[in-house]
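Close look at the chain arrangement
This is what each chain is made of:
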Amino acid sequence: MREFITGNQAVVRGALRAGCNYFAGYPITPASSILSDMVNAFAAGAGIAIQTEDEIAAIGQCIGAAMTGAKALTASSGPGLSLYSENIGLAQMGEVPLVIVNCQRMGPATGGATATGEGDVLFARHVTAGGYPLPVLAAADAASAYWLTYEAFNIAERLRTPVIVLLSKDISLTRQTVDLAAVPLSQRTDRPVASLDATYQPYNITGPDDTPLFSPIGGSQLVRFTGSIHDENGLLTTDRTKISRKLTHLRDKIMSHGEILAYVEWDCDADATTLIISYGLADGAARDAVKALRAGGAAVSHMTLYSLWPVPERAITDALSPRIERVVIPELNIGLYADELRRVIRHVPVQSIVRFDGGVISPQVIGEHVTCIGDLAMQAREVCACPS
Amino acid sequence: MSILTAKRADMCYCPGCSHGMVLEQLGKALDGIGVPPSRVCIVSDIGCIGTADRYFSCHTFHGLHGRSITYAEGIKRRNPELLVVVLIGDGGCGIGTAHLVHAARRRADIKVIVCNNFNFGMTGGQHSPTTPMDAHTTTTPDGAADQPLDVCRTVAVNGAAYSARHDAFDPQMVTKLRDALSTPGFVLLDIWELCTAYFVPANRLNRSSLDALSIQLAMPFGVVHEGPVQLGATSHNGARPLRRRAPEAPVEEMVARIPWPGRREICVAGSAGQRVRSAVGIIGEIAVAGGLYAAQQDDFPITVRRGFSISNLIVSNEPIRYTGLDSPDTVVILSSDGLARFGPLSRLKPSSLVVAPADMPPADAASTVHILDLKMLERRAGKESVALAALTYALIKAGLVSAASLNTSANALPAGPYRQSNLDAIIEGITLAENGRSAVDQAPP
């Protein structure tokens with residue numbers, strides 16, 4: 001059944017499909033409709049949804065609920081993600097399955113509440129103290145907002161980690177034509193649960209990339225949860241061996257699963273000398289640009305990144321066939337992810353097309369840049385698509 | 001076996017600190033009410049008292065500074081059968097004041113034990129929100145100047161079921177704790193303690209002078225508030241029933257596909273209150289139901305009910321990847337606000353079509369312009385219908401869709417409170433376009 005829905009509505013549908021049963025949030029443009037839709041979705045008792053006094057309380061309630069067994073979701077925009085920051089670290093340290101949707105807006109601080117922008121792509125990864133990784137997914141349209149929200153729950157459950165899903169205003173609030181029933185989804189995953197055992201240890205792992213077995217707070221076996229550095233029993237520790245084991249685990253359980261977290265779409269032309277890599281709102285323009293370029297006889301390859309963190313390095317290097325002479329990445333920020341690509345892609349130039357004034361990058365701008373040849377065009381590090 | 005698994009002497013607290021004594025009494029109180037440890041969750045805040053969770057054999061949750069109440073609420077909401085006890089210091093009541101007040105307002109069924117020793121012990125004796133006026137701390141070397149926070153009265157006036165203030169040496173403490181833990185609703189105990197590391201030596205406070213401090217601050221010991229118990233949403237599974245919005249009807253696919261020329265960009269530029277976005281949404285729904293692809297993107301200021309309201313619609317025979325509008329094929333101007341936001345019409349393609357009101361004929365359009373008497377339309381169709389009628393008119397005049405096809409498709413719109421008025425507006429637009437009544441066509445300059 002085809003529908004005409006916003007990206008935010010797609011988020012709600014994806015969350016409900018994944019089994020989300022707890023939502024707490026605070027109103028903010030352009031994420032507010034997720035809050036009101038979740039309140040309505042759970043009004044008959046299928047779950048619990050609450051508007052809290054602030055974003056800190058929202059994520060705090062989600063973390064508490066998640067540790068009783070809930071599949072919890074919170075949603076906000078950049079200012080709210082800033083307030084989630086400390087609790088995202090708690091969710092990492094305590095190994096809490098949690099999905100956080102960030103409907104990005106333009107600029108820092110209050111920025112442009114009703115203007116689009118995708119400037120949180122590095123912030124999402126580095127949102128909390130300590131530097132430990134967390135998965136970050138980026139929707140490109142309503143359909144991908146649906147399946148990425150669904151998959152975010154699966155990742156959160158499987159790895160017991162917070163997962164961030166990025167949208168931006170023009171994805172959140174744009175109504176698009178989607179057929180959700182036709183969107184392929186992986187099998188629904190629930191967190192690994194401990195059997196009832198008198199010797200239950202809430203943070204016991206068999207190896208650094210293992211996920212500790214879950215037992216709910218309130219269940220028959222006692223659970224000790226802490227945001228402080230702890231041993232397998234959830235007790236504070238100063239034992240360097242145990243500290244190292246825990247923190248290595250926080251790194252490895254994400255990074256060693258980089259391959260299963262890598263959602264990309266590669267549209268390869270074997271003759272291409274240019275590879276366009278795109279994510280988020282710029283992806284639609286990139287797809288139209290590729291179509292127009294090919295119609296004009298040009299050979300070009302394209303990769304969509306739905307996973308931003310961990311950086312899908314293998315997929316990216318696989319796409320760098322020997323003929324590729326340059327990589328072009330359009331971004332609705334000051335060129336943030338391009339530097340990440342430059343870290344991965346060393347032998348050919350990575351060229352940015354950037355725009356950060358609340359407007360979008362058009363297929364024409366991308367097409368013109370790709371067809372532009374000559375030394376200057378080939379060496380350009382950055383092209384700005386903002387009006388001058 | 002007691003729920004408290006450590007002896008006072010084995011706890012981490014400084015000699016003479018009241019925390020160990022209070023924890024012993026809390027352990028006895030919890031043992032006394034007969035709730036099994038698997039039905040108790042202790043949520044500890046940060047600070048010296050935040051280390052206490054490890055001394056209890058029950059579910060424990062140790063999170064961030066000031067946020068213990070938020071975790072407790074999440075846990076209680078999901079699992080109403082649990083006895084959820086928060087252990088928090090006076091510092092936590094400062095950084096988390098908002099949560100304290102709002103949890104009380106929500107009548108969250110949690111029991112908050114404030115271990116109040118008037119300063120930050122763990123970080124070196126800085127002043128806290130409950131530091132008495134003139135008291136010396138490392139950050140008020142000349143005496144504190146601020147009014148101390150009365151946590152009992154604060155929660156009492158904001159929905160708490162029960163709040164009481166006791167000194168840590170109260171011989172009846174176990175009974176008082178047990179009664180508090182057994183009281184339904186939001187319960188807070190403010191327990192005045194001695195911090196022997198910092199506050200006691202700096203202020204010559206001792207066990208007997210706690211009474212004098214209580215009188216000096218006009219914060220008497222005993223029950224501060226005992227109200228009728230009203231449980232909030234945390235006492236049952238979910239919020240109060242809401243007036244539900246009408247469920248969104250999925251767009252039913254029509255049998256007949258609407259003939260459409262290809263990707264076309266349509267912009268309606270008006271003002272808040274003109275139902276611009278809903279008019280464009282209805283045409284989008286009709287397009288999707290008719291087998292086409294649509295994308296609707298709105299532009300509006302952060303406030304509602306005033307200022308511009310622009311809604312853009314792309315309709316295509318193919319999936320729409322790029323949802324930006326670069327050069328609209330059809331533009332409907334409904335107000336000067338909308339036109340100002342849209343910008344110069346001179347940037348439109350010559351093939352574009354503009355519909356503009358009679359009282360503001362555009363001078364700068366290089367494309368075909370149709371002038372529409374919006375005032376007359378408003379009189380005929382009603383103010384709420386102007387945007388949809390004008391958009392329908394524009395679509396037909398632009399040759400994007402036939403009146404017959406649009407009429408058929410509109411009639412297949414799903415039931416809803418506005419179905420009939422939407423249909424009327426579309427028919428009004430079709431009539432206008434077909435017989436030109438009240439509309440004057442203007443050739444391109």
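Residues numbered from 1 in each chain as written. Chains lettered and ligands numbered in written order. Predicted model: local features only at pLDDT ≥ 70, side-chain atom pairs only at ≥ 80, totals over all residues.

1. Quick word on the domain arrangement of chain A
Residue and element names in this part refer to chain A. The condition is simple: An automatic or database domain assignment provides the domain bounds reported here. By definition, residues are in contact whenever their C-beta atoms, placed on the basis of the backbone, come within 7 Å of each other. Only DSSP runs of H or I covering at least 4 residues are called helices, and only runs of E covering at least 2 are called strands; the numbering of each starts at the N terminus.
If you check the domain split of chain A, you get domain 1 (3-182) and domain 2 (265-384). At the junction of the two partners, domain 1 supplies 23 residues and domain 2 supplies 20 residues. For the side of domain 1 that touches domain 2, the secondary structure elements donating two or more residues are α5 (121-125), β6 (136-138), α6 (142-159), β7 (162-168) and α7 (169-172).

2. Some details on unusual backbone geometry
In the segment running from Thr-29 of chain A into Pro-30 of chain A, the intervening peptide bond is cis, with an omega of 5°. With respect to the element layout, Pro-30 of chain A can be found in the loop between β2 (22-25) and α2 (32-41). A cis amide bond links Trp-309 of chain A to the next residue, Pro-310 of chain A, at an omega of -10°. As for its position among the elements, Pro-310 of chain A is in the loop between β13 (307-309) and α10 (313-319). Even without glycine at this site, Ala-109 of chain A takes up a positive phi of about 55°. With a phi angle near 50°, Arg-204 of chain B is a residue other than glycine that sits in the positive phi range.

3. Describing the interface of chain A and chain B
Put simply, the rule is: Here the term charged refers only to Asp, Glu, Lys and Arg, the term nonpolar to Ala, Val, Leu, Ile, Met, Phe, Trp, Tyr, Cys and Pro, and the term polar to all other amino acids, Gly among them. At least two bridges found by DSSP between two strands is the condition for calling them paired.
Each side of the interface is counted separately: chain A has 57 residues, and chain B has 55 residues. Of all the secondary structure elements, the ones that give two or more residues to the side of chain A that touches chain B are β1 (3-6), α2, β3 (48-51), α3 (55-66), α4 (78-94), β8 (175-178), β9 (224-226) and α9 (282-295) of chain A. With eight residues, α3 of chain A is the largest single contributor of residues to the side of chain A that touches chain B. Taken together, the residues of the side of chain A that touches chain B break down into 28 nonpolar, 19 polar and ten charged. Pairing geometry for β8 of chain A and strand β11 (residues 293-299) of chain B, over two bridges, is antiparallel.

4. A word on the environment of Gly-78 of chain A
Residue and element names in this part refer to chain A. By secondary structure assignment, the location of Gly-78 is in helix α4. The spacing of Gly-78 and Gly-111 is 33 residues in sequence and 9.0 Å in space, taken between C-alpha atoms. Those residues in contact with Gly-78 that lie beyond four places of it in its chain are Asn-102, Gln-104, Arg-105, Gly-111 and Asp-120.

5. Topic: the sheet that holds strand β8 (residues 187-192) of chain B
Rule in force here: Orientation is described by axes fitted as lines to C-alpha atoms, over the contacting stretch for helices, and by angles from 0 to 180 degrees between their N-to-C directions.
Across the sheet, eight strands lie side by side as β9(A)-β2(B)-β1(B)-β3(B)-β4(B)-β8(B)-β7(B)-β9(B); this open sheet has mixed pairing. Looking at the sheet topology across the chains shown, the edges are occupied by β9 of chain A together with β9 (222-226) of chain B. Across this sheet, the average inter-strand angle for adjacent strands is 15°, counted without regard to direction. Pairing analysis gives three bridges linking β9 of chain A to strand β2 (residues 59-62) of chain B, with the strands arranged parallel.

6. Things to note about the domain arrangement of chain B
The domain architecture assigned to chain B consists of domain 1 (8-235) and domain 2 (264-442). Computed from C-alpha coordinates alone, the two centres of domain 1 of chain B and domain 2 of chain B are separated by 61 Å.

7. Section: the packing of helix α1 (residues 19-33) of chain B against helix α6 (residues 173-182) of chain B
Residues and elements named next belong to chain B. Heads up, the rule is: An angle below 35 degrees is read as roughly parallel, one above 145 as roughly antiparallel, one from 65 to 115 as roughly perpendicular, and any other as oblique. Throughout, a crossing is termed right-handed when the near helix is turned clockwise from the far one, and left-handed when it is turned anticlockwise from it by less than a right angle.
Their axes nearest at 8 Å, the elements α1 and α6 cross at an angle of 55°. Here α1 is positioned oblique relative to α6, judged by the angle of their axes. For the pair α1 and α6, the crossing hand works out as right-handed. On α6, the residues that touch Gln-25, Leu-26, Lys-28, Ala-29, Leu-30, Gly-32 and Ile-33 of α1 are Met-173, Val-174, Leu-177, Arg-178, Leu-181 and Ser-182. Taken together, the residues of the contact of α1 with α6 sort by class into eight nonpolar, three polar and two charged.

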